[in-house]
Amino acid sequence: MALDVPSLRSDTPGVANVVHFNNAGAALPPRPVLDAITSHLAREAAIGGYEAAAEAADRIADAYDAVAALIGARPDEIAVVENATRGWDMAFYAVPFRAGDRVVTARAEYLSNYLAFLQLKARVGIEIDVVDSDASGQLDLAALERAIRPRTKLIAITHVPGRTGLVNPVAAVGRLAARHGILYLLDACQSVGHLAVDVRRIGCHMLSASGRKYLRGPRGTGFLYVRHDTIAKLEPPFIDLHAAAWTDADTYVVRDDARRFENWERFIAGQIGLAVAARYAIRVGIDAIEARVKALAALLRRELAKRPGVTVHDRGAELCGIVGFLKDGEAAGRTRDRLRAMNINVHEARLSRLDLPAGGADAVVRASVHYYNDEAEVERFVRAVVELPV
């Protein structure tokens, strides 16, 4: 089903001000999300924070139902956290690693995640096995299977690594993890709200995602999914009186649902906004969203590739709404700043130390489109990149 883009644009106040091709950074929120956040903050100012939260208990709780419905999970498998990285950390650091255990990851892994691998290599003595990409640029599934050894404890990859348009074959990885009986942690910060994400089909044990990116929720929000049969196997790296109960002077009991990975204090208005954002994506239709975003990004790639002096760096059998490129003779940060002066938003995406360099550069320009962007904005963007009048 085709989306009613003009209506969706009218529901997005920010499009009047900017050409926003930085949705992989933080998307423009739709009006219902903005209204939900600001109205709750106003209520906090009027009657007090704790009192406003008690009054909004049903809307706060809806975050678990809404996120679960979006990704095909159960509400008790969802933890609401500050951001995708904190959710990922709570899962990764909960895995009971011992010296000699192995983590298998992809060459195109997210930078923060790889730093965590390095920290546990130094602290605990885990080993890191990096799987190369195949000829298309995605994770090489045959190489992944060869990398699995008797001490492999975890497969941890990123669905959409976020520097370019690459989409990894996450469901195939899930089948492989199940066949070998290995825990599977998926970073989906760029794919939730962007691509159809169904945790049952993917087969991951844990998945982290952000509210602010393609889901169009508020900053300072994210979530962690942990499969119900995995929750009890993972001791949270830290707990508080929300995650656990202090039963007597010397004992405590950790919650038996995914909220064991939360902490008590959180951005309440943001959690309400996260629920509204998830419901909004469900109403628009995630399959229609994916089709629209991919089509608009494909148009952007084609138009950029036609321009002399512009090189598109996207690789992969499947591509998404992110387009990585460079303009000859211009550093990615310079392109970003030049476009920003014209009210056009993009991001300078640093490449991982494991990534192959893009023509010797250590970063690319990341343009990331969403369904509320339109073809006229693509034309304006391309003309701005090559410094034609816009």
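Details of the structure are given in the entry above.
Predicted model only: the values in this text are computed from it and were never measured.

Engineer: Looking at this model, I keep getting lost on the pairing of strand β5 (residues 152–158). Mind explaining?
Structural biologist: Where a strand is regular, its side chains alternate between the two sheet faces. In terms of residue burial, β5 counts as a mostly covered element, since six of its seven residues are buried. Bridging between strand β3 (residues 102–106) and β5 involves three bridges; their strand directions are parallel. Residue pairing across strands places Val103 opposite Leu154, the latter belonging to β5. In this structure, β5 lies alongside strand β6 (residues 183–187), joined through five bridges in parallel fashion. Among the inter-strand pairings, Leu154 is bridged to a residue of β6, identified as Leu183. In this region the chain leaves β5, passes through helix α8 (residues 170–180) and returns to the parallel neighbour β6; the handedness of that crossover is right-handed.

Engineer: It is not clear to me how the pattern of salt bridges should be interpreted in this structure. Could you clarify?
Structural biologist: Pairing is possible between side chains that carry opposite charge, provided their charged atoms lie close to one another. For the coordinates displayed, the defined rule picks out 24 salt bridges. Salt-bridge contacts for Arg74 lead to Asp76; the nearest nitrogen and oxygen are separated by 2.9 Å. Given the relative accessible area of 36%, Arg74 is considered partly exposed. With relative accessibility at 32%, the residue Asp76 sits in the partly exposed group. What emerges from the salt-bridge pattern is a single network uniting Arg9, Asp374 and Glu377.

Engineer: Looking at this model, I keep getting lost on the packing of helix α11 (residues 286–305) against helix α13 (residues 375–385). Mind explaining?
Structural biologist: Between two packed helices, both the angle of their axes relative to each other and the distance between the axes serve to describe the pair. Relative to each other, α11 and α13 sit at 30°, their axes nearing to 10 Å. Judged by the inter-axis angle, α11 sits roughly parallel to α13. Note that α11 runs across α13; the crossing there is right-handed. For the pair formed by α11 and α13, the contact residues are Arg292, Leu296, Leu299, Leu300, Glu303 and Leu304 on the first element and Glu375, Val378, Phe381, Val382 and Val385 on the second. Considering only residue class, the contact of α11 with α13 consists of eight nonpolar, no polar and three charged.

Engineer: Please clarify how the sheet that holds strand β4 (residues 127–131) should be interpreted in this entry.
Structural biologist: Adjacent strands of a sheet pair through backbone hydrogen bonds, lying either parallel or antiparallel. Within the open sheet, the seven strands sit side by side as β2-β8-β7-β6-β5-β3-β4. Their pairing is mixed. Because the sheet does not close on itself, it has two edges, and the strands there are β2 (78–81) and β4. On average, each strand axis in the sheet is tilted by 20° relative to the strand beside it, whichever way the strands run. Where helix α4 (residues 57–71) meets the sheet, its contacts fall on β2 and β8 (222–226), and the angle it forms with β2 comes to roughly 115°.

Engineer: How should the packing of aromatic side chains be read in this particular structure?
Structural biologist: Given two aromatic rings, their pairing is described by the distance between the two centres and the angle made by the two planes. Summed over the entire model, instances satisfying the criterion amount to 10 aromatic pairs. Seen from their ring centres, Phe21 and Phe381 are 4.9 Å apart, and the 40° between their planes marks the pair as tilted. Placement of Phe21 in the loop between β1 (19–20) and α2 (31–47) and of Phe381 in helix α13 is noted, with a sequence separation of 360 residues between them. We classify Phe381 as buried; its relative accessible area is 0%. Each ring, one from Trp88 and one from Phe92, has its centre 4.9 Å from the other, and the planes form 20°; the classification is stacked. Residue Trp88 and its partner Phe92 are both found in helix α5 (residues 84–92); the two are separated by four residues, about one turn of the helix. By the ring-pair criterion, three or more aromatic residues cluster together here, those being Trp88, Phe92, Tyr93, Phe97, Tyr114 and Phe117.

Engineer: Explain the sheet that holds strand β11 (residues 310–312) here, please?
Structural biologist: Pairing is antiparallel across the open sheet formed by four strands, whose spatial order is β11-β12-β15-β14. Only two strands of the sheet have a single neighbouring strand rather than two, namely β11 and β14 (347–350). The average angle at which neighbouring strand axes cross in this sheet is 40°, direction not considered. Pairing of strand β12 (residues 322–327) with strand β15 (residues 363–368) involves four bridges; the strand directions are antiparallel. Opposite Val323, over in β15, you have Ala367 as the bridge partner.

Engineer: Would you take a moment to explain empty space enclosed by the protein for this structure?
Structural biologist: One water molecule sets the probe size; rolling that probe over the atoms shows where empty space is left. Per the counting criterion, the structure on display carries one cavity of 30 Å³ or more. Considering only enclosed or pocket space, the largest cavity measures out at about 30 Å³ in volume. A class-by-class count of the residues in the lining of the largest cavity yields five nonpolar, four polar and two charged.

Cut-offs applied
- Counting of residues starts from 1 at the beginning of each chain's written sequence and follows it residue by residue.
- In view of the model being predicted, local features appear only for residues whose pLDDT reaches at least 70, and side-chain atom pairs are presented and counted only at 80 or more, with totals across whole chains, interfaces and linings using the full set of residues.
- Hydrogens and waters are ignored; side-chain quantities use all the structure's heavy atoms.
- Burial classes: relative accessible area under 20% of the type maximum marks a residue as buried, over 50% as exposed, and values in between as partly exposed (1.4 Å probe, protein chains only).
- Runs of H or I in DSSP of at least four residues are treated as helices and runs of E of at least two as strands, each being numbered from the N terminus.
- Two strands are counted as paired when DSSP detects at least two bridges linking them.
- When the strands point away from the viewer, a crossover counts as right-handed if the path from the first strand over the helix to the second runs clockwise.
- Salt-bridge detection follows one rule: a side-chain nitrogen of Lys or Arg within 4 Å of a carboxyl oxygen of Asp or Glu.
- Axes, fitted as lines to C-alpha atoms, cover a helix only where it is in contact. Angles between the N-to-C directions of the axes lie from 0 to 180 degrees.
- For classification purposes, angles smaller than 35 degrees are called roughly parallel, those larger than 145 roughly antiparallel, those between 65 and 115 roughly perpendicular, and all remaining angles oblique.
- Each crossing is labelled by how the near helix is turned from the far one, with a counterclockwise turn of less than a right angle marking it left-handed and a clockwise turn marking it right-handed.
- Contacts were defined at the residue level, with two residues in contact if any of their heavy atoms lie within 4.5 Å.
- Three classes are used: nonpolar for Ala, Val, Leu, Ile, Met, Phe, Trp, Tyr, Cys and Pro, charged for Asp, Glu, Lys and Arg, and polar for all others, with Gly counted as polar.
- Pairing of aromatic rings covers Phe, Tyr and Trp, the last through its six-membered ring, and needs centres within 6.5 Å; plane angles under 30 degrees mean stacked, over 60 mean edge-to-face, and all others mean tilted.
- In this analysis, the protein atoms alone were mapped onto a 1 Å grid. Cavities are point sets where a 1.4 Å probe fits without being able to get out; pockets are open sets with protein on both sides within 12 Å along at least five of seven lines; lining residues have an atom within 4 Å of a point.
- Grid points are joined across faces, edges and corners, and a volume is the space filled by probe spheres set on the points.

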